Amino acid sequence: MKKFKIALIGNPNCGKTTVFNLLTGNRSKTGNYAGVTVETKKGYKSIDDARLEIVDLPGVYSLNAISEDEKVARDYILDEKIDIIVNIIDASNLEKSLFLTMQLMELGIPIVLALNMIDIADKRNLKIDIEFLKNILEVELVCIVASKRKGMDDLLKKVLDITKEKIRSYGINIKFENDIEEEIKNIQTLFSDEFNLKEKRLVAIKLLEEDVFLQKKLNSCSILHKIKLSKDKLEKKYEEPIELVLSKKRHQFIKKILSKAIIKEHKYQKTTSDKIDEVLINKFFGFPIFLIIMYLIFQMTFYLGSYPMNWIEQGFSIFSSFVSSIWPKDNYLILKSLVIDGIITGVGSVVVFMPNIMFLFLGISVLEDSGYMARAAFLLDRLMHKIGLHGKSFIPMMIGFGCTVPAIMATRCIESKKDRIITILSLPLIACSAKLVVFTLLIPAFFERAYQPIVLFSLYLIGIILAIASIKIFKIAFFKKESFSFLMELPTYQMPSFNKSMLHMWDRSKEYLKKAGTLILGFSILLWVLSYFPNKDDISKTYIGKIGKTIEPVFKPLGFDWKINASLLGSLASKEVFVSQLGIIYAIKDNKETHVIQRRLQEDYTPIGAFSIMLFILISTPCLATIAITKKETKSYKWALFQIVYLTILAYGVSFFVYRVGLFFFR
Amino acid sequence: MNLSELKAKKRGKILKILDRKEVEIKLISIGICVDEEIMMIKNDFSGAVIVAIGDNRIVLGRDLSDKIQIEAL
């Protein structure tokens, strides 16, 4: 069986992920704003003796690699040996889409264009002369409607025909001005035979455009110097950077083609989205509506979430008594403790928060799918500007309420590297759903029902304020480079589909469950061992107790005792482990089956002490996954390390201050 | 005049973009190029603006819209 590598590429929001799911039978989540596919995803399909490896690349507007998601796509295309490119094109937006297409056709890789959303173009009275387009671009072209599963067979057939070499489809190359073409030819002669002819042209053009990736790969000072001379010569003549000259030429070329290919060009008309926007991003109502939507999402998360939470809690308690009742009397007592106190209690106390997390992710996915998220970024731009960032940094922050890890990945659409690092560093201060797990345990235990929402809200607010303050400090302290202005496409509003939202929610919640089943299970067992040996009857004499006691003097000023210290150790793996660890400590301490941690906590701590604990959880060192993703995304240990140290010091300072001031007032 | 001065529902033609080349290339790749006709959809005279190019709606930060020179149509 022959193997072929197929790359799916297109503008953000062109339906690429939908096509990927249809082709591979995968169920990846799609969104309605730029940056949903931030990583390359792979899927497979076997058909007619060929095995296709299909790769879904992040949505990009060009191969000029300005933002990180563009770099991911560009590096992949240039580095991997791709057999066929499938370029998904938004038919209702040809001018913009073809800019990328022109660059792709310079690559010398077989390419098929899939004209998606042809139904929307029809609705807008946009008649495209497909045959003309196909002939002038010298490329295979298929019309599809991915959302209605139309045209997929045609697309696959074209791809297969290319693999069987029945058809050739490389597309045309733009002829630039004569003097530019001459310089391109001159540069081509500099290369040895490591590239074929078409590659030589591409590499020459890319190097004229100062492509850092290829500059590194070529690694020859003499050639690069000669290219620089060519570039200088051209720039002197055109009086602007050659990258711009080429980009403008591509744009003009597309305009020229489209003036003939689009039969009936339509004029501006007010779309439904425009009408909705008149209300939703209205100068006066926009912001209040945004606040109401946020309030509703959080209300849904907690209010609706509380019912299934009770069921799960009862379920685990029944299960735990059941295991206990069938356990052979006085046999394997260590194992019994491991299963009941370690595993069931540990995992159970984390799984119980699953409904909250599902509702929160449901809310976020509805915002994404509907297209409102981009509007929120627009609305928040003014505010974000005041802290030195812009609207695009808002989307990661919003996702950060769910989980910091995808939030950090969502920063890839921010063009300015500096703004991106600042956003990444401050993201852990946004209270994620794992921290929420800790809050939902402690708040009801220490605060009267009427005050509970205020306490919770204040924690979220403190996180946000600290994030803003940190951004301000980072801006002044570290970065003085130029930034990149706010530039974002507004997607058309879509009715979020029930299935899609559910799938989306499940995709993300699954990660949480997976974490409960792996990382948290492992840590529960490790922590159980530390809390069982060498003396299980007195937890203060176990290993974990000893560690907690050793560091007690450090944390005493914040109001933490050794039990909290021991649980904080667990929270290094993941914040919600704090809860399961407390569960283990109290369950073992009692040697009874009472899992009502909350009541026990009330005996040991005061409300102000509990608040100090929650602040520490909110601010201190992020979880392992966040540290790992920070390292990966900033490509440096330095920022990951900085994040750990900075946040821990900040957490200590804030908890200390609040606890001490609190003691002064409330004692 | 600058794009930021264009009132909502008014049209303009782009004359010059006075920003770094990276920004200008990004603008071209999204459809905003010299000689293109552009229409202002939303301009509250503070904060970002929204413009239309064909059926596309694009948000531009105010600082960016200050750097795009246009001729009102």
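Computed from a predicted structure; not experimentally measured.

Some thoughts on the overall build of chain A
Move 1: Helix and strand content of chain A: 30 helices and nine strands.
Move 2: Against the compact-globule benchmark of 26 Å for 667 residues, chain A has a radius of gyration of 29 Å, which places it among compact chains.
Move 3: The dimensions of chain A, computed from C-alpha atoms along their principal axes, are 85 × 55 × 55 Å.
Move 4: Put simply, chain A has 667 residues, and 47% of those count as buried.
Move 5: A sequence separation of at least 24 residues applies to 72% of the contacts in chain A between residues at least 6 apart.

Some remarks on the overall build of chain B
Move 1: The helix and strand inventory of chain B stands at two helices and five strands.
Move 2: Reading chain B from its N end, one meets helices and strands in the order β-α-β-β-β-α-β.
Move 3: Expected size for 73 residues packed as a compact globule is a radius of gyration near 11 Å; at 11 Å, chain B falls within 12% of this value.
Move 4: For chain B, the spread of C-alpha atoms along the principal axes amounts to about 25 × 25 × 20 Å.

Brief notes about helix H1 (residues 21-29) of chain B
Owing to its 3.6 residues per turn, the α-helix brings residues three or four apart onto one side.
Move 1: Of the positions making up H1 of chain B, those classed as buried are Glu24, Ile25, Lys26, Leu27, Ile28 and Ser29 of chain B.
Move 2: For H1 of chain B, the elements touching its buried residues are helix H3 (94-105), helix H11 (242-261) and strand E9 (487-490) of chain A together with strand E1 (11-17) of chain B.
Move 3: The positive-phi residue at the C-terminal boundary of H1 of chain B is Gly31 of chain B, with phi of around 110°.

Considerations on the domain arrangement of chain A
Move 1: Domains assigned within chain A are domain 1 (2-163), domain 2 (178-264) and domain 3 (289-476 + 489-495 + 517-666).
Move 2: Put simply, the middle of domain 1 of chain A and the middle of domain 3 of chain A, counted by C-alpha atoms, are 40 Å apart.

A short note on the packing of helix H23 (residues 543-550) of chain A against helix H25 (residues 562-571) of chain A
Residue and element names in this part refer to chain A.
Move 1: Running from N to C, H23 and H25 point in directions that differ by 110°, and their axes come no closer than 8 Å. The pairing of H23 with H25 is recorded here as roughly perpendicular in orientation. In this structure, H23 contributes Ile544, Gly545, Ile547, Gly548 and Lys549 to the contact, and H25 contributes Trp562, Lys563, Asn565, Ala566 and Leu569.
Move 2: Its residues assigned to classes, the contact of H23 with H25 shows five nonpolar, three polar and two charged.

Observations regarding the sheet that holds strand E1 (residues 2-10) of chain A
Residue and element names in this part refer to chain A.
Move 1: Read from one edge of the open sheet, six strands run E2-E3-E1-E4-E5-E7, paired in mixed fashion. Each edge of the sheet is formed by a strand with only one pairing partner; in this case those strands are strand E2 (41-47) and strand E7 (140-143). Going from strand to strand, the sheet's axes swing by 25° on average, the running direction of each strand aside.
Move 2: Pairing between E1 and strand E3 (residues 50-56): seven bridges, direction parallel. Counted as the bridge partner of Leu8 is Asp56 from E3.
Move 3: Along the sheet face, helix H6 (residues 152-163) touches E1, E2, E3, strand E4 (84-90), strand E5 (111-116) and E7 and points at about 175° away from the line of E5.

Regarding the environment of Thr621 of chain A
Residues and elements named next belong to chain A.
Move 1: Turning to its location among the elements, Thr621 is positioned in the loop between helix H28 (607-619) and helix H29 (624-634).
Move 2: Look at Thr621 and you get buried, because 20 C-beta atoms sit within 10 Å.
Move 3: Expressed as a C-alpha distance, the spacing of Thr621 and Leu647, which sit 26 residues apart in the sequence, is 5.5 Å.
Move 4: Those residues within four positions of Thr621 in sequence are excluded, and the remaining contacts are Leu572, Ile644, Leu647 and Thr648.

Some points on the nonpolar core
Move 1: Ranked by size, the top nonpolar core spans 197 residues in total, and within it Leu8, Val112, Ala114 and Met614 of chain A together with Val51 of chain B carry the most contacts.
Move 2: Top contributing element to this core by residue count: H28 of chain A, with 10 residues.
Move 3: Ignoring anything within four residues of it in the chain, the contact list for Ala114 of chain A reads Val19, Val86, Asn87, Ile88, Ile89, Val142, Ile144 and Leu155 of chain A.

A short note on the sheet that holds E9 of chain A
Move 1: What the six strands build is an open sheet, ordered E9(A)-E4(B)-E3(B)-E2(B)-E1(B)-E5(B); its pairing is antiparallel. A strand with exactly one partner marks an edge of an open sheet, and here the two such strands are E9 of chain A together with strand E5 (68-72) of chain B. Put simply, the sheet's adjacent strands are angled 40° from each other on average, direction ignored.
Move 2: Taken together, the four bridges between E9 of chain A and strand E4 (residues 56-60) of chain B define a ladder with antiparallel strand orientation. If you follow Glu489 of chain A over to E4 of chain B, its bridge partner there is Ile58 of chain B.

Points about the interface of chain B and chain A
Move 1: Each partner contributes to the interface: chain B provides 29 residues, whereas chain A provides 33 residues.
Move 2: It is H1 of chain B that provides the largest number of residues to the side of chain B that touches chain A, a total of eight residues.
Move 3: In the side of chain B that touches chain A, the residues fall into 14 nonpolar, seven polar and eight charged.

Here we look at H3 of chain A
Move 1: Taking 1.5 Å per residue as the helical rise, H3 of chain A with its 12 residues ought to reach 16 Å, and the 16 Å between its terminal C-alpha atoms agrees with that figure.
Move 2: Judged by how many residues are buried, H3 of chain A sits mostly within the fold: 11 of 12 residues are covered.
Move 3: Along H3 of chain A, the residues classified as buried are Leu94, Lys96, Ser97, Leu98, Phe99, Leu100, Thr101, Met102, Gln103, Leu104 and Met105 of chain A.
Move 4: Check the buried side of H3 of chain A and you find it contacts E1, E4, E5 and H11 of chain A together with H1 and E4 of chain B.

Focus on the confidence of the model for chain B
Residues and elements named next belong to chain B.
Move 1: Here chain B averages 90 in pLDDT, and 100% of its residues register 70 or above.
Move 2: Mean pLDDT across the elements of chain B ranges from a minimum in H1, with 88, to a maximum in E5, with 93.
Move 3: The ipTM assigned to the predicted complex is 0.94, against a pTM of 0.79.

Some thoughts on the packing of helix H15 (residues 354-370) of chain A against helix H20 (residues 433-446) of chain A
Residues and elements named next belong to chain A.
Move 1: Between H15 and H20, the shortest axis-to-axis distance is 10 Å and the interhelical angle comes to 135°. With respect to each other, H15 and H20 are oriented oblique. In this structure, H15 meets H20 at a crossing whose hand is right-handed. Contacts between H15 and H20 involve Asn356, Ile357 and Leu360 on the former and, on the latter, Ser433, Leu436 and Thr440.
Move 2: Residue composition of the contact of H15 with H20, grouped by class: three nonpolar, three polar and no charged.

Considering the environment of Ser497 of chain A
Move 1: Residue position: Ser497 of chain A is located in the loop between E9 and helix H22 (498-532).
Move 2: Put simply, Ser497 of chain A and Ser370 of chain A are 127 residues apart on the chain and 8.7 Å apart in space, counted from C-alpha to C-alpha.

A word on unusual backbone geometry
Move 1: Phi is positive for Met117 of chain A, which is not a glycine, with a value near 60°.
Move 2: Among the structural elements, Met117 of chain A can be located in the loop between E5 and helix H4 (118-123).

Conventions used here
- Counting from 1, residues in each chain are numbered in the order their sequence is written.
- Lettering of chains starts at A and numbering of ligands starts at 1, both following the order in which they are written.
- Owing to the predicted nature of the model, reporting of local features is limited to residues with pLDDT of at least 70; listing and counting of side-chain atom pairs is limited to 80 or more, with chain, interface and lining totals taken over all residues.
- Helix numbering and strand numbering both begin at the N terminus, where a helix is a DSSP run of H or I of at least 4 residues and a strand a DSSP run of E of at least 2.
- Atoms counted for the radius of gyration: C-alpha only. Globule rule: 2.2 Å times the number of residues to the power 0.38.
- Residues with at least 20 other C-beta atoms within 10 Å of their own are called buried, those with 12 or fewer are called exposed, and the rest are partly exposed. The C-beta atoms themselves are positioned from the backbone.
- Note that contacts rest on C-beta atoms placed from the backbone: two residues are in contact if these are within 7 Å.
- How far each domain reaches was decided by an automatic or database domain assignment.
- Lines fitted to C-alpha atoms define the axes here, with helix axes fitted over just the stretch in contact, and angles between the N-to-C directions of these axes take values from 0 to 180 degrees.
- Roughly parallel here means an angle under 35 degrees, roughly antiparallel means over 145, roughly perpendicular means 65 to 115, and every remaining angle is called oblique.
- Put simply, Ala, Val, Leu, Ile, Met, Phe, Trp, Tyr, Cys and Pro go in the nonpolar bin, Asp, Glu, Lys and Arg in the charged bin, and everything else, Gly too, in the polar bin.
- Between any two strands, at least two bridges found by DSSP are needed for them to pair.
- We define the nonpolar core as any set of buried residues of the types Ala, Val, Leu, Ile, Met, Phe, Trp, Tyr and Cys, connected via C-beta atoms lying within 7 Å of each other.
- In a helix, the anticipated span is given by 1.5 Å times the number of residues less one.
- Every residue gets a pLDDT, meaning the predictor's confidence in that residue, from 0 to 100.
- Two helices that cross are described as forming a left-handed crossing if the nearer one is turned anticlockwise from the farther one by less than a right angle, and a right-handed crossing if clockwise.

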